[in-house]
Amino acid sequence: MKMTIEKVQIDLEFIINSTPGVLFNRLSTPSGLSEWFADDVDLHDESVYTFKWKGEQQEAIVLERKENKLIRFRWLDDDDEEAYFGFRIVTDELTGSTALVVTDFCDADERRYAIELWNKQIELLKHGLGTL
């Protein structure tokens, strides 16, 4: 019998000094994602992305996409079909500031590591956008 570790959802919010269009480009295109998320990214059939890191690679399918608003991916090798990682862009109507909400699922015992990893990745994204 295969034992499954329960996954927990993490939601992280970051203020990004960028327009939704420019930010969405970094979150949804192979060239944008390879600037901060992976060493290289390829897109197949408009919905399957191959992410490459130092000789490793992993494929993800796009579950949902709303231009300049959100994109959600699911790793193809993940047994948990409810788990995904995604990015949602929220613009504050009052201040005009742009927030990026990152949602991910990880094993409960890896929560702290996952949060640290996302913090580092978003720093790279901000650096690439010139907003640090």
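In what follows, the accompanying structure is described. (Residues numbered from 1 in each chain as written. Predicted model: local features only at pLDDT ≥ 70, side-chain atom pairs only at ≥ 80, totals over all residues. Heavy atoms only, no water.)

**Some details on the sheet that holds strand β1 (residues 7-16)**
Phase 1: Read from one edge to the other, the open sheet built from seven strands follows the order β1-β7-β6-β5-β4-β3-β2, with strand pairing classed as antiparallel. Both edges of this open sheet fall to β1 and β2 (40-44), since each of them pairs with a single strand only. Taken pair by pair, the neighbouring strands of this sheet meet at an average axis angle of 25°, ignoring direction.
Phase 2: Examined bridge by bridge, strand β4 (residues 56-66) and strand β5 (residues 70-75) share six bridges and lie antiparallel to one another. For Ile61, the partnering residue across the bridge sits in β5 and is Arg74.
Phase 3: Against the sheet, helix α1 (residues 20-28) makes contact with β1, β3 (48-53), β4, β5, β6 (85-91) and β7 (98-107), and its axis sits at roughly 175° relative to β6, the strand it touches most.
Phase 4: Packed on one face of the sheet, helix α3 (residues 111-129) meets β1, β6 and β7 and runs near 25° to β1. (Pairing = 2+ DSSP bridges. Helix = DSSP H or I, 4+ residues; strand = E, 2+ residues; numbered from the N terminus. Axes fitted to C-alpha atoms, helices over the stretch in contact; angles between N-to-C directions. Contact = heavy atoms within 4.5 Å.)

**Here's the deal with the pairing of β3**
Phase 1: In terms of strand pairing, β2 meets β3 through five bridges, oriented antiparallel. When the bridges of β3 are listed, Asp42 appears paired with Thr50.
Phase 2: Where β2 hands over to β3, the hairpin turn is made up of three residues, of which Asp45 adopts a positive phi near 55°.
Phase 3: Relative to β4, β3 runs antiparallel, the two being bridged by six bridges. In the strand pairing of β4, Tyr49 is matched with Ala60.

**Notes on the pairing of β4**
Phase 1: Hairpin connection between β3 and β4: a loop of two residues separates the two successive antiparallel strands, and Lys54 in this loop has a positive phi of roughly 35°.
Phase 2: The antiparallel pairing of β4 with β5 creates a hairpin that spans three residues between the two strands, and Asn68 there sits at a positive phi of about 65°.

**Describing unusual backbone geometry**
Phase 1: Not every positive phi belongs to a glycine, and Asp45 is a case in point at roughly 55°.
Phase 2: Inspection of the secondary structure assignment puts Asp45 in the loop between β2 and β3.
Phase 3: Assessed through its relative accessible area of 72%, Asp45 is described here as exposed.
Phase 4: Unusually for a residue other than glycine, Glu46 sits at a positive phi of about 65°.
Phase 5: With respect to the secondary-structure elements, Glu46 resides in the loop between β2 and β3. (Buried < 20%, exposed > 50% of the residue type's maximum accessible area, 1.4 Å probe, protein only.)

**Things to note about α3**
Residues three or four positions apart in an α-helix share a direction because the helix packs 3.6 residues into each turn.
Phase 1: An ideal rise of 1.5 Å per residue puts 27 Å on 19 residues; α3 measures up with 27 Å between its terminal C-alpha atoms.
Phase 2: Those residues of α3 lying buried are Ala114, Ile115, Trp118, Gln121, Ile122, Leu125, Lys126 and Leu129. With its buried residues spanning 145° around the axis, α3 presents them on a single face. For α3, the exposed residues lying more than 90 degrees away from the buried face are Arg112, Tyr113, Lys120 and His127.
Phase 3: Tucked into the core, α3 has its buried residues touching β1, α1, β6 and β7.
Phase 4: Positive phi appears at Gly130, one or two residues downstream of α3, with a value of about 75°. (Expected span 1.5 Å × (residues − 1). Arc of directions from axis to C-beta.)

Everything listed here is a matter of coordinates, which is why it stays silent on function.
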